[in-house]
Amino acid sequence: MGQERLTGSGGDPRAVELRTAVSRLRRELAGHRAEFPDRGIAEDELAALDSMAAGGAPEVPRLRRSLLLVAGAIGSVSALAPGLREVRNAVDLFGEPPRI
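Cut-off values and rules
- Residues numbered from 1 in each chain as written.
- Predicted model: local features only at pLDDT ≥ 70, side-chain atom pairs only at ≥ 80, totals over all residues.
- Heavy atoms only, no water.
- Core = buried A, V, L, I, M, F, W, Y, C linked by side-chain atoms within 4.5 Å.
- Buried < 20%, exposed > 50% of the residue type's maximum accessible area, 1.4 Å probe, protein only.
- Helix = DSSP H or I, 4+ residues; strand = E, 2+ residues; numbered from the N terminus.
- Contact = heavy atoms within 4.5 Å.
- Polar contact = N/O pair within 3.5 Å; in protein donor to acceptor, adjacent residues only side chain to side chain.
- Axes fitted to C-alpha atoms, helices over the stretch in contact; angles between N-to-C directions.
- Parallel < 35°, antiparallel > 145°, perpendicular 65-115°, else oblique.
- Nonpolar A, V, L, I, M, F, W, Y, C, P; charged D, E, K, R; others polar.
- Expected span 1.5 Å × (residues − 1).
- Salt bridge = Lys/Arg side-chain N within 4 Å of Asp/Glu carboxyl O.

*Asks:* It is not clear to me how the nonpolar core should be interpreted in this structure. Could you clarify?
*Replies:* Within the largest apolar cluster, 25 residues are counted, with the highest numbers of intra-cluster contacts made by L18, L25, L49, I74 and V87. Contributing elements (two or more residues each) for this core: helix 2 (13–31), helix 3 (39–55), helix 4 (60–74) and helix 5 (81–92). If we ignore the near neighbours within four places in the chain, the residues touching L25 are L46, V70, I74, L80, G83, L84 and V87.

*Asks:* Where do I start with the environment of R39 in this structure?
*Replies:* Relative to the elements of secondary structure, R39 occurs in helix 3. Between the C-alpha atoms of R39 and I74, which are 35 residues apart in sequence, the distance is 7.1 Å. Discounting residues that sit within four places of it in the chain, R39 has contacts with L29, A30, H32, R33 and A34. A polar side-chain atom of R39 sits 2.7 Å from the main-chain carbonyl oxygen of A34.

*Asks:* Is there a simple way to explain the packing of helix 4 against helix 5 in this structure?
*Replies:* Packed helices, taken two at a time, are described by the angle between their axes plus the distance between the axes. Viewed as axis vectors pointing N to C, helix 4 and helix 5 meet at an angle of 170°, and their least axial separation amounts to 10 Å. If you check the angle between helix 4 and helix 5, you find them roughly antiparallel. Across from L63, R64, L67, V70, A71 and I74 in helix 4, the residues of helix 5 making contact are L84, V87, R88, V91 and D92. When its residues are assigned to classes, the contact of helix 4 with helix 5 shows 8 nonpolar, no polar and 3 charged.

*Asks:* In this structure, what is going on with helix 4? I would like to understand it.
*Replies:* One full turn of an α-helix is made of 3.6 residues, so residues set three or four places apart face in the same direction. Along its 15 residues, helix 4 runs 21 Å from first to last C-alpha, staying within 8% of the 21 Å computed at 1.5 Å per residue. Among all positions of helix 4, only L63, R64, S66, L67, V70, A73 and I74 are buried.

*Asks:* Is there a simple way to think about the environment of A73 in this case?
*Replies:* Along the chain, the position of A73 falls in helix 4. Along the backbone, A73 and F36 are 37 residues apart, and their C-alpha atoms lie at a distance of 8.6 Å. Excluding anything up to four places from it in sequence, A73 contacts F36, D38, I41 and A42.

*Asks:* Would you explain the pattern of salt bridges in this entry?
*Replies:* Should the charged atoms of two oppositely charged side chains come close, the side chains can pair. Evaluated as defined, the whole model comprises 7 salt bridges. Taking the shortest distance from any N to any O, the salt bridge between R24 and E86 comes out at 2.3 Å. Here E86 lies in helix 5 and R24 lies in helix 2, a separation of 62 residues in the sequence. On the basis of relative accessible area, E86 is assigned to the partly exposed category, the value being 32%. Residue E35 is joined to R39 by a salt bridge in which the shortest nitrogen-to-oxygen separation is 3.6 Å.

If you want it as structure tokens, here you go:
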């Protein structure tokens, strides 16, 4: 049922995957009782990721920037690591990772 709301009618499957992963991490973050200084940043950037995916054809550099900010904000919260990994994998669907 929740999946249907995210897909709409014939949307980009990568965007659907990203919105699903973001939604899951947002729920996990909301359920995480411990406060940490950058929670607001993580919440804002997850909302931005969802908005970009919903809008269609998001800019890959902007997706990666938001992902980096989310990772920096919640990176030390090990309970959220699996959800963060799902978001990263979904962002990676939009293009090759930058070569270093």
